[in-house]
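# Examination of the molecular architecture
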Amino acid sequence: MDNNKPSQPDNEEEMKDSLTEERETEQETTILPEMQEEENQQHSSEAQPQVVKGKKSVVWMAISGVLAAALIVVLVYPPFGGGRESVASVNGTNISKDELYNELVSLGGESTLNSMITMKLIDQEATKANVSVTEQDVNAEIETLKTQYGGEEGLNSALSQSGMTMDSLKKNTEVQVKIRKILEPQTTVKDEDISAYYEANKATFATPEQVRASHILVKTKEEADDIKKQLDEGADFATLAKEKSTDTGSAANGGDLGFFGEGEMVEAFEKAAFSMKNDEISDPIKSDYGYHIIKRTDYKEATNPTEEDKKEDIRNILVEQQVGELSTNWMSELRSKATIVNTLDPADESSDAPAASTGDTESSAKE
């Protein structure tokens with residue numbers, strides 16, 4: 001915990017329990033990546049801006065399914081032939097490549113190999129369907145995720161919390177887009193489906209009036225007055241926020257709190273921010289957390305989009321839903337029809353496996 005954080009008001013627990021707004025993320029996926037909601041209490045208490053009225057639960061990225069098996073194992077040597085070459089030694093005792101290979105396989109080689117088999121099947125089907133995924137396709141999906149997470153910083157934070165990197169997200173996204181392109185021709189979305197979805201989810205499409213603001217939070221009125229004087233004389237707001245603000249959750253970003261609507265911030269802070277003009281800097285505002293100097297930086301009017309406005313977005317959502325429903329059976333069918341030899345899975349060596357038409361050395365493996 002940051003020892004420089006100001007003391008919290010007596011009703012902090014009550015405030016924390018009155019959680020209100022959740023940033024909702026609707027991302028229907030095929031197999032990867034799956035969006036999973038998770039609350040991290042310790043992180044929230046450390047990083048939460050000291051002005052937010054209720055704590056926002058955070059939606060984190062998670063990898064799921066066989067396609068998303070973490071590739072923690074590198075198959076460094078084939079299980080055929082010798083691998084006695086030393087890869088390390090300890091006090092003169094060698095560790096051979098075979099020993100390393102066997103250890104890696106025991107730690108996760110079977111799941112990794114199954115993931116690779118699945119990927120190979122998907123790639124073969126993409127070739128048959130003349131489907132390719134471009135860098136632009138992947139980047140478009142990443143931009144959508146950034147929007148859903150409130151910007152690049154929000155997405156990066158979610159990736160960090162889930163143990164993913166941007167590179168791994170892009171690889172997973174490429175697989176997702178590839179599957180969607182293969183199966184999308186099998187989907188059917190009618191205008192009446194779009195209308196029904198819009199009516200059922202109309203409230204989620206509307207957005208309230210919002211402002212964006214930065215703040216500098218200090219303990220005393222004297223400190224706040226001194227900072228306001230420096231700002232009036234031309235000091236940079238973001239620089240002072242990083243140097244002076246006791247709200248460590250926003251100070252690192254120059255005091256930026258992002259966009260927020262009514263009911264999300266403590267009353268005194270919110271009332272001031274909504275009454276200001278863009279680029280205006282307030283006098284010190286007192287709240288239970290201390291004294292705030294606020295700079296309003298942007299404004300968004302409330303929106304209430306029509307069905308026509310959201311038609312293509314809804315169509316994409318419904319296509320994603322149908323692709324997700326189709327993908328499980330599609331993948332099972334691919335595996336059941338494929339000739340797979342998996343030497344790491346004894347089941348694939350079973351004597352009752354059907355003979356393969358491609359030769360005596362191959363067998364049709366069952367999952």
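Residues numbered from 1 in each chain as written. Predicted model: local features only at pLDDT ≥ 70, side-chain atom pairs only at ≥ 80, totals over all residues. Heavy atoms only, no water.

## As for the packing of aromatic side chains
Note the cut-off: Side-chain rings of Phe, Tyr and Trp (the six-membered ring for Trp) are treated as a pair once their centres are within 6.5 Å; stacked means planes under 30 degrees apart, edge-to-face means over 60, and tilted covers the remaining angles. Only protein chains enter the calculation, and the probe is 1.4 Å; a residue is then buried if its accessible area is under 20% of its type maximum, exposed if over 50%, and partly exposed in between. For helices the rule is a DSSP run of H or I covering at least 4 residues; for strands it is a run of E covering at least 2, with both sets numbered from the N terminus onward. In this analysis the charged atom, NZ for Lys or CZ for Arg, is taken to sit over a ring once it is within 6 Å of the ring centre and within 35 degrees of the ring normal.
The full count for this structure, using the stated rule, is 4 aromatic pairs. Plain terms: the ring middles of Tyr 197 and Phe 205 are 6.5 Å apart, the flat faces sit at 45 degrees to each other, and that makes the pair tilted. Here Tyr 197 matches Phe 205 in class, with each residue buried. Residues Phe 260 and Phe 274 carry aromatic rings whose centres are separated by 6.3 Å and whose planes lie at 75 degrees to one another, so their mutual orientation is edge-to-face. Within this pair, whereas Phe 260 is found in strand E6 (residues 256-261), its partner Phe 274 is found in helix H12 (residues 267-275), the two being separated by 14 residues in sequence. The exposure classification of Phe 260 matches that of Phe 274, with both residues buried. Taken together through their ring pairs, the aromatic side chains of Tyr 197, Tyr 198 and Phe 205 make up a single cluster. Over the aromatic face of Phe 259 sits the side chain of Lys 300, whose NZ or CZ is 4.2 Å from the ring centroid.

## Focus on the nonpolar core
Within soluble globular proteins, side chains that are nonpolar tend to cluster in buried spots. What counts here: In these notes, a set of buried Ala, Val, Leu, Ile, Met, Phe, Trp, Tyr and Cys residues joined through side-chain atoms within 4.5 Å is what counts as a nonpolar core. Contact criterion: two residues are considered in contact whenever any of their non-hydrogen atoms come within 4.5 Å of each other.
Formed by 28 residues in total, the largest nonpolar core has its most connected members in Ile 122, Ile 179, Ile 182, Ile 314 and Trp 330. Of all elements in the fold, only helix H3 (97-128), helix H6 (166-183), helix H7 (191-200) and helix H13 (307-337) reach the threshold of two or more residues within this core. By residue number, the principal contributor to this core is H13, which donates 8 residues. Other than its neighbours up to four places away in sequence, Ile 182 contacts Ile 122, Glu 125, Ala 126, Val 131 and Trp 330.

## A look at the packing of H3 against H13
Under the convention used in this document: Every angle, taken between N-to-C directions, lies between 0 and 180 degrees, and every axis is a line fitted to C-alpha atoms, over only the stretch in contact when it is a helix. Here the angle decides the label: under 35 degrees means roughly parallel, over 145 means roughly antiparallel, 65 to 115 means roughly perpendicular, and every other value means oblique. Only Asp, Glu, Lys and Arg are considered charged in this grouping, and only Ala, Val, Leu, Ile, Met, Phe, Trp, Tyr, Cys and Pro are considered nonpolar; every other residue, Gly among them, is considered polar.
Here H3 crosses H13 at 95 degrees, and the two axes come no closer than 11 Å. The angle between H3 and H13 falls in the class roughly perpendicular. Here Asn 114, Ile 117, Thr 118, Leu 121, Ile 122 and Glu 125 of H3 come into contact with H13, specifically with Trp 330, Met 331, Leu 334 and Arg 335. Residue composition of the contact of H3 with H13, grouped by class: 6 nonpolar, 2 polar and 2 charged.

## Quick word on H13
What counts, and what does not: How far a helix is expected to stretch is found by multiplying one less than its residue total by 1.5 Å. Fitting axes to the seven residues that end at a residue and to the seven that start at it, the angle between those axes gives the bend at that residue.
The end-to-end C-alpha separation of H13 is 43 Å, in line with the 45 Å expected for 31 residues at 1.5 Å each. By the largest-angle criterion, Asp 313 marks the main kink of H13, which is about 35 degrees. Among all positions in H13, only Lys 310, Ile 314, Ile 317, Leu 318, Val 319, Glu 320, Val 323, Ser 327, Trp 330, Met 331, Leu 334 and Arg 335 are buried.

## Describing the pattern of salt bridges
Side-chain pairs of opposite charge can arise where the charged atoms are in close proximity. Put simply, the rule is: Salt-bridge detection follows one rule: a side-chain nitrogen of Lys or Arg within 4 Å of a carboxyl oxygen of Asp or Glu.
Under the defined criterion, the tally for this structure stands at 17 salt bridges. The shortest N-O distance in the salt bridge between Asp 191 and Arg 315 comes to 3.9 Å. A residue pair is termed long-range when its members are at least 10 positions apart, and Asp 191 in helix H7 and Arg 315 in helix H13 qualify at 124 residues. Judged by its relative accessible area of 44%, Asp 191 is partly exposed. Residue classification places Arg 315 among the partly exposed residues on the basis of a relative accessible area of 23%.

## Side note on a negative patch on the surface
The following threshold applies: Distance thresholds for patches are 9 Å for like charges and 5 Å for nonpolar side chains (Val, Leu, Ile, Met, Phe, Trp, Tyr), applied to residues having over 30% relative accessible area and no salt bridge. All accessible areas in this document rest on Shrake-Rupley with a 1.4 Å probe, and a residue is counted as covered only by the protein chains that are shown. Under the convention used here, Asp and Glu are negative, Lys and Arg are positive, and both His and the chain ends fall outside the count. A charge is said to be at NZ when it belongs to Lys, at CZ for Arg, at CG for Asp and at CD for Glu.
A surface patch of negative charge is lined by Glu 222, Glu 223, Asp 226 and Glu 233. Relative to the helices and strands, Glu 233 resides in the loop between helix H9 (221-232) and helix H10 (237-244). Taking the relative accessible area as the measure of exposure, Glu 233 reaches 60% and is therefore exposed.

## Let's talk about the packing of H6 against H13
For the pair H6 and H13, interaxial distance at closest approach is 10 Å and the crossing angle is 90 degrees. Taken together, the axis directions place H6 and H13 in an arrangement best described as roughly perpendicular. The residues of H13 that touch H6, namely those facing Gln 176, Ile 179, Arg 180, Ile 182 and Leu 183, are Glu 320, Val 323, Leu 326, Ser 327 and Trp 330. Split into classes, the residues belonging to the contact of H6 with H13 amount to 6 nonpolar, 2 polar and 2 charged.

## Overview of the sheet that holds strand E5 (residues 210-218)
Hydrogen bonds between backbone atoms are what pair the strands of a sheet, whose relative direction is either parallel or antiparallel. Worth spelling out the cut-off: One bridge is not enough; two strands pair if DSSP finds at least two bridges between them.
With antiparallel pairing, the 4 strands of this open sheet are ordered in space as E6-E5-E8-E7. If you trace the sheet from one side to the other, it starts and ends with E6 and strand E7 (285-287), each paired once. Taken pair by pair, the neighbouring strands of this sheet meet at an average axis angle of 45 degrees, ignoring direction. Looking at chain direction, E7 and strand E8 (residues 290-300) are connected through 3 bridges and run antiparallel. Bridge pairing in E8 places Ser 287 opposite Gly 290. This element, H9, spans E5 and E8 of the sheet and lies at about 45 degrees to E8. Lying over the sheet, H10 contacts E5 and E8, oriented at roughly 45 degrees with respect to E5.

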